[in-house]
Amino acid sequence: MTTSSLATIRPRERDSLLQSLRAGVVPRLGQQHVQVGRANEVQALLSDISRINDGGSGSRFIIGDYGSGKTFFLHVVRSIALQQKLVTVHADLSPDRRLHATGGQARSLYSELMRNMSTRAKPDGGAMSSVVERFVTHALTESRTSGEAVEDILRRNLDELSELTGGYDFAEVVAKYWQGHDSGNEQLKSDAVRWLRGEFTTRTDARIALGVRTIVDDANFYDQLKLLARFVRLAGFGGILICLDEMVNLYKLANSQARNSNYEQILRILNDSTQGSASGLGFIFGGTPDFLLDPRRGLYSYAALQSRLEENSYAVDGLVDYSGPVLRLASLTPEDFYVLLTKLRHVQAAGDESAYLISDEGIAEYMNHCAERIGDAYFRTPRNTIKGFLDLLAVLEQNPEQRWQDLLSGVTLERESNPDLAPLKLPDHGGESAARNVAEPPATGSAGVQTQIPNPPNDAGDDDLSVFKL
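The notes below deal with the structure included here.

Definitions and cut-offs
Residues numbered from 1 in each chain as written. Predicted model: local features only at pLDDT ≥ 70, side-chain atom pairs only at ≥ 80, totals over all residues. Heavy atoms only, no water. Buried < 20%, exposed > 50% of the residue type's maximum accessible area, 1.4 Å probe, protein only. Helix = DSSP H or I, 4+ residues; strand = E, 2+ residues; numbered from the N terminus. Pairing = 2+ DSSP bridges. Axes fitted to C-alpha atoms, helices over the stretch in contact; angles between N-to-C directions. Parallel < 35°, antiparallel > 145°, perpendicular 65-115°, else oblique. Left-handed = near helix turned anticlockwise from the far one by under 90°. Contact = heavy atoms within 4.5 Å. Salt bridge = Lys/Arg side-chain N within 4 Å of Asp/Glu carboxyl O. Phe/Tyr/Trp six-rings, centres within 6.5 Å; stacked < 30°, edge-to-face > 60°. Lys NZ or Arg CZ within 6 Å of the ring centre and 35° of its normal.

Re the pairing of strand E3 (residues 240–245)
Here E3 lies mainly inside the structure; six of its six residues are buried. In E3, alternate side chains face the same way, and those of Ile240, Ile242 and Leu244 on one face and Leu241, Cys243 and Asp245 on the other are all buried. Pairing geometry for strand E2 (residues 87–92) and E3, over six bridges, is parallel. Bridge pairing links His90 to Cys243 in E3. Here E3 runs beside strand E4 (residues 281–287); their pairing, made up of five bridges, is parallel. Directly across from Leu244, in E4, lies its bridge partner Phe285.

Have a look at this one:
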């Protein structure tokens with residue numbers, strides 16, 4: 001295996017990669033050093049990025065098994081979008097962060113997205129101030145050329161936001177930022193950025209600080225994102241790409257009404273992106289097959305979404321279609337996985353081929369060992385396999401007297417599974433009697449008619465259907 005094309009790894013990137021991958025999370029630095037395969041999927045997302053740059057819109061659902069590399073793929077796409085002069089924001093959904101809610105969860109998601117706003121100059125987040133500064137700088141440059149007042153230029157440029165929902169107050173807040181910049185009022189600038197980030201919790205505070213009567217809340221979450229997309233284009237960027245991971249948290253919502261409200265929000269986003277009514281705005285959703293396909297709780301449980309997300313009926317028997325809204329994340333091939341392990345070995349050695357701790361033969365033996373333990377899951381859902389390989393290299397690095405041949409048989413691996421979707425344990429309401437009641441067949445009435453006892457009500461508002469049959 002020749003590695004002359006592999007670059008030298010900087011110590012910071014090496015440490016970030018190894019620590020993150022050994023912990024089972026996606027590294028924030030150096031992803032290009034370990035990216036392999038999935039060229040067709042990346043090419044499909046590149047076409048979406050180009051369309052957003054041209055003022056279009058798009059939505060993609062990245063679907064893959066737990067541990068198959070969805071989050072890593074999203075990070076790679078984000079880094080490509082930054083190089084293409086897009087603004088990116090990203091967040092993981094959780095019980096406290098949802099697309100639609102009435103208790104502040106949607107505003108919490110918006111605030112998390114804004115905290116993670118990135119540009120090519122600030123790839124690590126916190127770029128909201130930089131985007132507003134760039135918009136103001138363009139107005140200053142135009143003012144010096146034309147002699148027109150800066151505030152008049154700002155107002156004229158922001159006029160097109162007024163046609164959107166909430167656009168007037170958005171424009172007022174940006175104008176307040178310029179006033180703070182012009183007068184040296186740092187508090188006013190800070191308040192304007194706080195409003196844009198969705199950090200005001202009451203309208204009273206916003207009115208006192210900025211003179212506006214609205215704030216970012218659960219009701220206008222998506223409208224604010226459309227405003228922001230238009231604004232970043234005015235600031236000189238191509239558009240904004242929004243990456244939302246862990247969409248399975250919507251699938252796990254017990255309350256059917258809350259779940260359907262979130263799915264309605266997804267439907268609205270999908271309709272806007274396909275009809276072209278959102279300019280410079282792109283969404284990428286990362287989820288598992290259960291989140292998409294489950295006819296009872298997944299996206300397919302919502303008829304309107306199912307009709308829009310159904311796969312191409314002609315894409316069968318090895319045929320693929322990368323142009324649809326759903327992008328199935330293809331599994332790595334064994335060849336791709338071999339290349340990945342050689343890159344991990346290169347990272348471990350900080351780019352020094354003479355410091356390799358395991359030979360090409362050792363990598364092949366490690367793959368055979370994985371295949372014997374967990375079958376082909378070692379390259380389809382490779383997270384645990386990567387962790388095991390890096391653990392092996394760490395032991396070899398700190399114990400130079402050991403040989404990989406002696407340690408390989410001691411590497412323990414388990415098939416990757418999603419703990420969030422494990423079956424729930426039945427409550428124990430009486431030990432053996434409870435178990436016996438579960439195991440026994442349905443009770444028979446006096447007339448010999450079988451009766452199925454309805455499920456007990458769920459305090460969390462679950463939508464389980466209670467059935468009573470005679």
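Back to the write-up after that little detour.
Observations regarding the packing of helix H7 (residues 167–183) against helix H10 (residues 221–234)
Where H7 meets H10, the closest approach of the two axes is 11 Å, and the angle between their N-to-C directions is 50°. The pairing of H7 with H10 is recorded here as oblique in orientation. The two elements H7 and H10 cross, and the hand of that crossing is right-handed. Within the contact between the two elements, H7 uses Gly167, Phe170 and Val174 and H10 uses Gln224, Leu227, Leu228 and Phe231.

With respect to the pattern of salt bridges
Any two side chains of opposite charge can pair if their charged atoms end up close together. In total, this model carries 21 salt bridges according to the counting rule given. Residue Asp48 is joined to Arg51 by a salt bridge in which the shortest nitrogen-to-oxygen separation is 2.9 Å. Note that Asp48 and Arg51 are positioned in helix H2 (residues 39–53) at a spacing of three residues, about one turn of the helix. Here Asp48 falls in the buried class, since its relative accessible area comes to 8%. Its salt-bridge partner being Glu172, residue Arg155 comes within 2.7 Å of it at the nearest N-O pair. Here Arg155 is found in helix H6 (residues 150–158), whereas its partner Glu172 is found in helix H7, with 17 residues between them in sequence. Its relative accessible area of 29% is what places Arg155 among the partly exposed residues. Take Glu172: its relative accessible area is 18%, and that puts it in the buried class. Via salt bridges that share partners, Arg14, Asp15 and Glu397 belong to a single interconnected network.

Some thoughts on unusual backbone geometry
Within the chain, Glu246 stands out as a residue other than glycine whose phi angle is a positive 55°. The residue Glu246 is located in the loop between E3 and helix H11 (248–251) in this model. Here the phi dihedral of Ala350 falls at roughly 55°; this positive angle occurs in a residue that is not glycine. On the secondary structure map, Ala350 appears in the loop between helix H15 (334–348) and helix H16 (360–374).

A word on the packing of aromatic side chains
Scanning the model with the defined rule gives eight aromatic pairs in all. Through a chain of ring-to-ring contacts, three or more aromatic side chains come together here, namely Phe61, Tyr222, Phe283 and Phe285. The ring of Phe237 carries the charged tip of Arg134 above its face, separated from the ring centre by 4.3 Å. The positively charged end of Arg194 is found above the aromatic ring belonging to Phe200, 4.3 Å away from the centroid.

Side note on the side chain of Asn262
Its location among the elements puts Asn262 in helix H12 (residues 256–275). Sequence-distant contacts of Asn262, that is, excluding residues within four places in its chain, are made with Arg98, Leu99, His100, Leu250 and Leu253.

Quick notes on the environment of Asn384
By the secondary structure assignment, Asn384 is in helix H18 (residues 383–398). Between the C-alpha atom of Asn384 and that of Ala23, which follows or precedes it by 361 residues, the distance is 9.7 Å.

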